[in-house]
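Close look at the chain arrangement
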Amino acid sequence: MEPAEPPRATATVDDPNDLPTAPCSVVWSGGHSYVREGTAGARWAGVDDRGRARFLTDAELRRRGWSRTRG
């Protein structure tokens, strides 16, 4: 008897409402761009209106609202 094959990864289409998960992804929120840093325990890095560093979690970014484009 041969061992069972492991399940194969299937390609899925990303939900356009899901935040990107790839490092260096860029999203916009409140007129500012945020770049994803890291993978595990990742956060979004950007700046506020005064140019000070601002870091957001996925949950914070979802609450604030975000988009993939600046507009």
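What you see is a predicted model; the values in this text were computed from it and never measured.

Turning our eyes to something else, we now look at the overall build of the protein. Counting its secondary structure elements, the protein contains one helix and four strands. Along the protein, from the amino end to the carboxyl end, the secondary structure elements read β-β-β-β-α. For the protein, with 71 residues in total, the buried portion stands at 23%.

Taken in spatial order, the four strands of this open sheet run E1-E2-E3-E4, and their pairing is antiparallel. Strands with a single pairing partner mark the edges of an open sheet, and in this sheet they are strand E1 (26–29) and strand E4 (53–56). In this sheet, neighbouring strand axes are inclined to one another by 35° on average, regardless of whether the strands run parallel or antiparallel.

Take the pattern of salt bridges next. The final tally for this structure, using the stated rule, is three salt bridges. The partner of Glu37 in a salt bridge is Arg43, with the nearest N and O atoms 3.1 Å apart. Here Glu37 falls in the partly exposed class, since its relative accessible area comes to 35%. Relative accessible area serves as the criterion here: at 37%, Arg43 is assigned to the partly exposed category.

Turning next to the nonpolar core. Counting residues in each nonpolar core, the largest one holds seven residues, listed as Leu19, Val27, Tyr34, Trp44, Leu56, Leu61 and Trp66. With residues up to four places along the chain from it excluded, the contact list for Leu61 reads Leu19, Val27, Ser29, Tyr34, Trp44, Leu56 and Trp66.

Now for the side chain of Asp48. You can see Asp48 is positioned in the loop between strand E3 (43–47) and E4. Reaching out from Asp48, the side chain makes a polar contact with the backbone nitrogen of Arg50 at a distance of 2.9 Å.

The rules we used
Residues numbered from 1 in each chain as written. Predicted model: local features only at pLDDT ≥ 70, side-chain atom pairs only at ≥ 80, totals over all residues. Heavy atoms only, no water. Helix = DSSP H or I, 4+ residues; strand = E, 2+ residues; numbered from the N terminus. Buried < 20%, exposed > 50% of the residue type's maximum accessible area, 1.4 Å probe, protein only. Pairing = 2+ DSSP bridges. Axes fitted to C-alpha atoms, helices over the stretch in contact; angles between N-to-C directions. Salt bridge = Lys/Arg side-chain N within 4 Å of Asp/Glu carboxyl O. Core = buried A, V, L, I, M, F, W, Y, C linked by side-chain atoms within 4.5 Å. Contact = heavy atoms within 4.5 Å. Polar contact = N/O pair within 3.5 Å; in protein donor to acceptor, adjacent residues only side chain to side chain.

Limitation: the analysis is restricted to geometry and does not speak to function.
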